[in-house]
Amino acid sequence: MTLDSSASKKEARQGRGWLGILIVVGLIAFAAALGVTALLVNIFQRQQEARNPFMRVVEVTNETVDPAIWGMNFPMQYDQYKRTVDMERTRFGGSEALPHMPDADDPRDTVAGSKIERNPRLKRMWAGYSFAIDYREKRGHAYMLEDQSFTKRQQVQQYGNCMNCHASMFAVYNSLGNGDMQAGFEKVNTMTYQEARKLVEHPVSCLDCHDPDTMELRISRPAFKTGIRALKASQGIDDYDVDTMATRQEMRAFICAQCHVEYYFAPDESRRLTFPWYKGTRGDDIMAYYDEIGFTDWTQADTGAAMLKAQHPEFETWSQGTHAAAGVACADCHMPYMRKGALKISDHHVRSPMLNINNACQGCHRAPEEELRERVERIQDRSEEMVGQALDGLMEYIDSILAAKEAGVDEAILEEAYKCQRAATFLIDFVEAENSQGFHAPQESARILFRAMDYLRKGNVLLGRQTTAAALPEPKPAPAAEESVEDVEAAPELT
Amino acid sequence: MAKDSQNGRSGLVLFILLFLGTAGGLLGGVGCYTFLYAKGISYLGDAPETCANCHVMQEYLDAWIKSSHKHVAVCNDCHTPHNFFGKYLVKATNGFHHSLAFTTGWFPDNIQIRASNQRVTEGACRHCHGDIVTQIDCFGHGPQALDCLRCHDTVGHLK
């Protein structure tokens with residue numbers, strides 16, 4: 001009996017042992033089958049993705065302004081597009097979300113950093129102009145309309161032409177002009193800002209860059225068509241039509257160049273937004289054109305000189321650089337190709353390449369990310385140093401003019417001196433306001449700054465400013481260089 | 001009583017064997033199907049099209065077709081060591097890493113070669129061109145000092 005019961009106990013224990021093994025093996029097989037099936041589905045999904053680039057689920061037309069509708073057909077591009085709300089700094093630019101107390105004039109709870117508070121020399125450079133009131137770091141495309149609507153520059157009456165670049169305008173131009181974009185464009189130019197603002201709802205949207213039927217890139221801003229025709233004419237190409245003559249790769253830059261450029265508003269009643277490329281796109285070419293037509297943006301408050309404001313000549317600067325020469329367009333770095341599953345799309349999260357070095361740079365440059373970042377920042381460091389020195393020179397020059405006026409210098413000489421202030425300011429601004437801190441074309445930016453310094457030098461000579469050695473501050477000898485200075489001084493005694 | 005428990009025990013064993021057989025069979029079946037569906041067998045050979053089974057590699061295959069080495073070398077000639085065990089060890093480890101990376105999506109879009117694979121490639125250059133580079137190496141530039149691809153980056157595939 002006792003033997004029997006212990007045997008049955010043993011059997012029961014053995015039975016439980018087998019059951020444990022069964023459960024463990026079952027669980028392992030369960031997990032493995034789960035994993036393998038998931039892998040199978042993943043492989044299947046990737047293979048399907050590679051077959052179907054996109055699925056058209058809704059009809060989009062030239063009236064479909066809302067990007068969310070296009071997003072149903074192109075969910076991945078739309079997701080990326082929406083990410084332009086991100087606020088992220090690079091070392092030299094971009095936006096940090098700074099808290100802002102909403103008030104009646106400005107309901108925003110975040111704003112970007114103020115460039116004129118950080119660099120008060122800019123405020124003085126633009127004294128008397130609206131940019132001295134409010135000038136901030138740029139945020140992503142998602143904020144283009146909002147930030148424009150609530151900038152304090154609105155204290156000065158602005159016009160409808162601002163909307164050309166701060167809103168989705170394709171459908172608006174078309175409907176106002178009954179299909180004639182140029183006519184619609186002309187109408188918006190003459191509106192007040194408030195009138196034009198009522199016509200728009202979205203910042204740049206899909207139909208501003210893409211044809212809804214073919215998804216081909218297309219030009220949607222009449223000002224660019226006119227501008228590029230003038231530029232090509234200056235290069236000896238007559239009757240250039242961007243719609244039929246531009247290559248796909250050129251379009252990948254021209255699309256951006258509809259807004260990221262230097263521009264002015266015609267001073268007559270048309271107030272037409274115009275790109276000043278009739279003599280070329282370099283800073284001094286543009287200035288020469290402005291001088292020829294006698295254009296002036298504002299009168300500088302300190303000196304009374306007739307001034308020019310440079311806007312943000314990204315396209316012009318890029319076109320002078322090594323990337324443009326190599327056929328690399330804006331989209332190659334700012335909207336680089338990216339992989340989504342098995343699909344390859346261009347990244348619609350338009351941003352600084354410094355936030356995306358692998359996709360933006362490493363497709364061409366086979367160097368480690370850190371090395372590439374250092375290369376870019378080295379260029380930007382030098383540009384910042386040059387711009388800083390040029391601005392210091394400009395501040396001193398404004399003082400020189402004021403001193404000369406005080407001393408009663410001849411009006412004819414002052415007139416010439418104002419021209420130097422105007423030229424130097426425009427050229428410094430041309431580099432400062434450009435969104436790359438000198439990276440788009442380092443040597444061209446340096447050349448422009450050098451020309452600016454040359455205008456300041458000429459102006460100082462005109463005004464008879466003391467520039468002899470006696471007037472210069474004592475040079476500070478560098479610690480390492482002290483010995484060699486002594487050596488040089490000691491040398492004559494030895495001989 | 002003893003007979004009963006004997007019967008119960010053999011019944012349990014039978015059940016377990018049945019279960020193990022079913023579980024193993026199911027897992028084996030799904031596994032084999034997945035392996036075949038993913039063209040698993042092709043990975044054991046040398047055909048360059050195999051590397052483009054994974055769509056991520058398509059551009060590299062396209063570029064190789066246009067490269068100067070197309071007529072003399074396939075992917076494995078440059079990307080695996082020139083001995084049997086080294087070759088299949090590298091194939092296995094890279095196969096594992098690539099599957100993991102491409103399934104999870106955790107890899108940079110512009111693919112970066114890992115240091116160990118770079119050494120394999122450097123060795124492959126020297127396997128064929130050793131006679132020429134000995135004359136460079138004898139000036140004190142060993143395989144560590146000079147990287148063939150730093151200058152000759154277009155020979156295989158420039159994406």
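Residues numbered from 1 in each chain as written. Chains lettered and ligands numbered in written order. Predicted model: local features only at pLDDT ≥ 70, side-chain atom pairs only at ≥ 80, totals over all residues. Heavy atoms only, no water.

A separate point is the overall build of chain B. Helix and strand counts for chain B stand at six helices and zero strands. When the helices and strands of chain B are read in sequence order from the N terminus, they spell out α-α-α-α-α-α. Since a compact globule built from 159 residues should have a radius of gyration of about 15 Å, the 24 Å found for chain B marks it as more spread out than a globular shape. In chain B, which comprises 159 residues, the share counted as buried stands at 26%. Restricting to contacts in chain B with at least 6 residues of sequence separation, those with at least 24 account for 60%. As presented, chain B carries roughly 10600 Å² of accessible surface, and 68% of it is formed by carbon and sulfur atoms. (Helix = DSSP H or I, 4+ residues; strand = E, 2+ residues; numbered from the N terminus. Rg over C-alpha atoms; globule rule 2.2 N^0.38 Å. Buried < 20%, exposed > 50% of the residue type's maximum accessible area, 1.4 Å probe, protein only. Contact = heavy atoms within 4.5 Å. Areas by Shrake-Rupley, 256 points an atom, 1.4 Å probe, with all protein chains shown as cover.)

When helices and strands are counted, chain A shows 22 helices and eight strands. Over its C-alpha atoms chain A spans a radius of gyration of 31 Å, topping by over 25% the 23 Å that the globule rule assigns to 495 residues. Dimensions along the principal axes, computed over C-alpha positions, put chain A at roughly 130 × 85 × 50 Å. Pairs at least 24 apart in sequence give 65% of the contacts found in chain A among residues at least 6 apart. When the accessible surface of chain A is totalled, it reaches about 25400 Å², and 56% of it is carbon and sulfur. Taken as two groups, the 55 positive and 73 negative side-chain charges of chain A have centres that lie 7 Å from each other. (Lys, Arg positive; Asp, Glu negative; His and termini not counted. Charge placed at Lys NZ, Arg CZ, Asp CG, Glu CD.)

A surface patch of nonpolar side chains, about 380 Å² in accessible area, is lined by Met-55, Val-57, Ile-69 and Met-72 of chain A. By relative accessible area, which is 55% here, Met-55 of chain A ends up exposed. (Patch = residues over 30% accessible without salt bridge, like charges linked within 9 Å, V, L, I, M, F, W, Y side chains within 5 Å. Salt bridge = Lys/Arg side-chain N within 4 Å of Asp/Glu carboxyl O.)

Attention shifts here to the side chain of Asn-76 of chain B. Residue and element names in this part refer to chain B. Mapped onto the elements, Asn-76 comes out in helix α3 (residues 75–79). Here the side chain of Asn-76 touches Asp-46 through a polar contact of 2.6 Å, side chain to side chain. Leaving out residues up to four positions away in the same chain, Asn-76 has contacts with Gly-45, Asp-46, Lys-87 and Lys-91. (Polar contact = N/O pair within 3.5 Å; in protein donor to acceptor, adjacent residues only side chain to side chain.)

Looking now at the interface of chain B and chain A. In this assembly, 32 residues from chain B lie in contact with 32 residues from chain A. Taking both sides of the interface into account, the surface hidden between chain B and chain A amounts to around 2900 Å²; carbon and sulfur atoms contribute 60%. Connecting chain B to chain A are two salt bridges. If you look at where chain B meets chain A, you find eight residue pairs in polar contact (both at pLDDT 80 or more). Those elements giving two or more residues to the side of chain B that touches chain A turn out to be α1 (2–37) and α4 (84–104) of chain B. Here the side of chain B that touches chain A gets 15 residues from one element, more than from any other, and that element is α1 of chain B. A per-class count over the side of chain B that touches chain A returns 17 nonpolar, nine polar and six charged. (Buried area = accessible area lost by both parts, 1.4 Å probe. Nonpolar A, V, L, I, M, F, W, Y, C, P; charged D, E, K, R; others polar.)

The next subject is the nonpolar core. Residue and element names in this part refer to chain A. Formed by 89 residues in total, the largest nonpolar core has its most connected members in Trp-126, Met-163, Phe-224, Val-242, Phe-254, Trp-277 and Phe-426. At 11 residues, the largest contribution of residues to this core is made by helix α20 (residues 411–432). Look past the residues within four positions of Met-163 in its chain and what remains in contact with it is Leu-145, Met-169, Val-188, Tyr-193, Ala-196, Arg-197 and Val-200. (Core = buried A, V, L, I, M, F, W, Y, C linked by side-chain atoms within 4.5 Å.)

For any two helices packed against each other, one specifies the crossing angle of their axes together with the interaxial distance. Residues and elements named next belong to chain A. Two elements in contact, helix α14 (residues 283–293) and α20, have axes separated by 10 Å at closest approach and are oriented at 140°. Taken together, the axes of α14 and α20 lie oblique to each other. Taken as a pair, α14 and α20 cross one another with a handedness that is right-handed. Contacts between α14 and α20 involve Gly-283, Asp-284, Ile-286, Met-287, Tyr-290 and Asp-291 from the first element and Arg-422, Ala-423, Phe-426, Leu-427 and Phe-430 from the second. Here the residues of the contact of α14 with α20 sort into seven nonpolar, one polar and three charged. (Axes fitted to C-alpha atoms, helices over the stretch in contact; angles between N-to-C directions. Parallel < 35°, antiparallel > 145°, perpendicular 65-115°, else oblique. Left-handed = near helix turned anticlockwise from the far one by under 90°.)

What follows covers empty space enclosed by the protein. All names here are of chain A. Scanning all chains against the criterion turns up one cavity of 30 Å³ or more. Computed from the structure, the largest cavity encloses a volume of approximately 60 Å³. Lining the largest cavity are Thr-281, Arg-282, Gly-283, Glu-316, Thr-317, Gln-320, Phe-430, Val-431, Glu-434, Glu-444, Ser-445 and Ile-448. Among the elements of the structure, α15 (314–318), α20 and α21 (442–462) are those that each provide at least two residues to the lining of the largest cavity. Broken down by element, the lining of the largest cavity gets its largest block of residues, three residues, from α21. A per-class count over the lining of the largest cavity returns three nonpolar, five polar and four charged. (1 Å grid on protein atoms, 1.4 Å probe; cavity = no way out; pocket = protein on both sides within 12 Å on 5 of 7 lines; lining within 4 Å. Points joined across faces, edges and corners; volume = space filled by probe spheres on them.)

The next thing to look at is the packing of α14 of chain A against α21 of chain A. Residue and element names in this part refer to chain A. Running from N to C, α14 and α21 cross one another at 50°; their axes reach a closest spacing of 10 Å. Of the possible angle classes, the one that applies to α14 and α21 is oblique. Along the contact surface, α14 presents Gly-283, Asp-284 and Met-287, while α21 presents Glu-444, Arg-447, Ile-448, Arg-451 and Tyr-455. Its residues assigned to classes, the contact of α14 with α21 comprises three nonpolar, one polar and four charged.

In this section: the environment of Arg-197 of chain A. All names here are of chain A. Tracing the chain through its elements places Arg-197 in helix α10 (residues 193–199). Overall, Arg-197 belongs to the partly exposed group, its relative accessible area being 27%. For the pair Arg-197 and Tyr-159, spaced 38 residues apart in sequence, the C-alpha to C-alpha distance is 9.6 Å.

The next point concerns the confidence of the model for chain A. Residues and elements named next belong to chain A. Per-chain confidence: chain A averages 89 in pLDDT, with 91% of residues scoring 70 or above. Mean pLDDT per element in chain A: helix α22 (residues 482–494) is the minimum at 44, and α15 is the maximum at 97. For the stretch residues 481–495, pLDDT sits under 50, and the model shows one contact to residues farther than four places along the chain or on other chains. (pLDDT = per-residue confidence, 0-100.)

Quick look at the pattern of salt bridges now. Residue and element names in this part refer to chain A. A complete count under the given rule lists 37 salt bridges over all chains for this structure. Salt-bridge contacts for Glu-371 lead to Arg-375; the nearest nitrogen and oxygen are separated by 3.6 Å. Of this pair, Glu-371 and Arg-375 are both found in helix α19 (residues 369–406), four residues apart, which corresponds to roughly one turn of the helix. Residue Glu-371 is classed as partly exposed on the basis of its relative accessible area of 31%.

Another aspect to go through is helix α9 (residues 181–190) of chain A. Residues and elements named next belong to chain A. Among the residues of α9, Met-181, Gly-184, Phe-185, Val-188 and Asn-189 are the ones counted as buried. Down the axis, α9 shows its buried residues gathered within 140° of arc, on one side only. Each element contacted by the buried residues of α9 is listed here: α7 (163–166), α8 (170–176), α10, α11 (222–234) and β4 (273–274). Backbone nitrogen of Gln-182 and a side-chain oxygen of the N-cap are separated by 3.1 Å at the start of α9; the cap is Asp-180. (Arc of directions from axis to C-beta.)

Moving on, we come to the state of the cysteines. All names here are of chain B. This structure, assessed with the given rule, holds zero disulfides over all chains. Free cysteine: Cys-51, not disulfide-bonded; nearest cysteine sulfur from Cys-75 at 3.6 Å. Given a relative accessible area of 34%, Cys-51 falls into the partly exposed group. Counting only cysteine sulfurs, Cys-148 is the nearest neighbor of Cys-125, a cysteine outside any disulfide, at a range of 4.1 Å. (Disulfide = S-S within 2.5 Å.)

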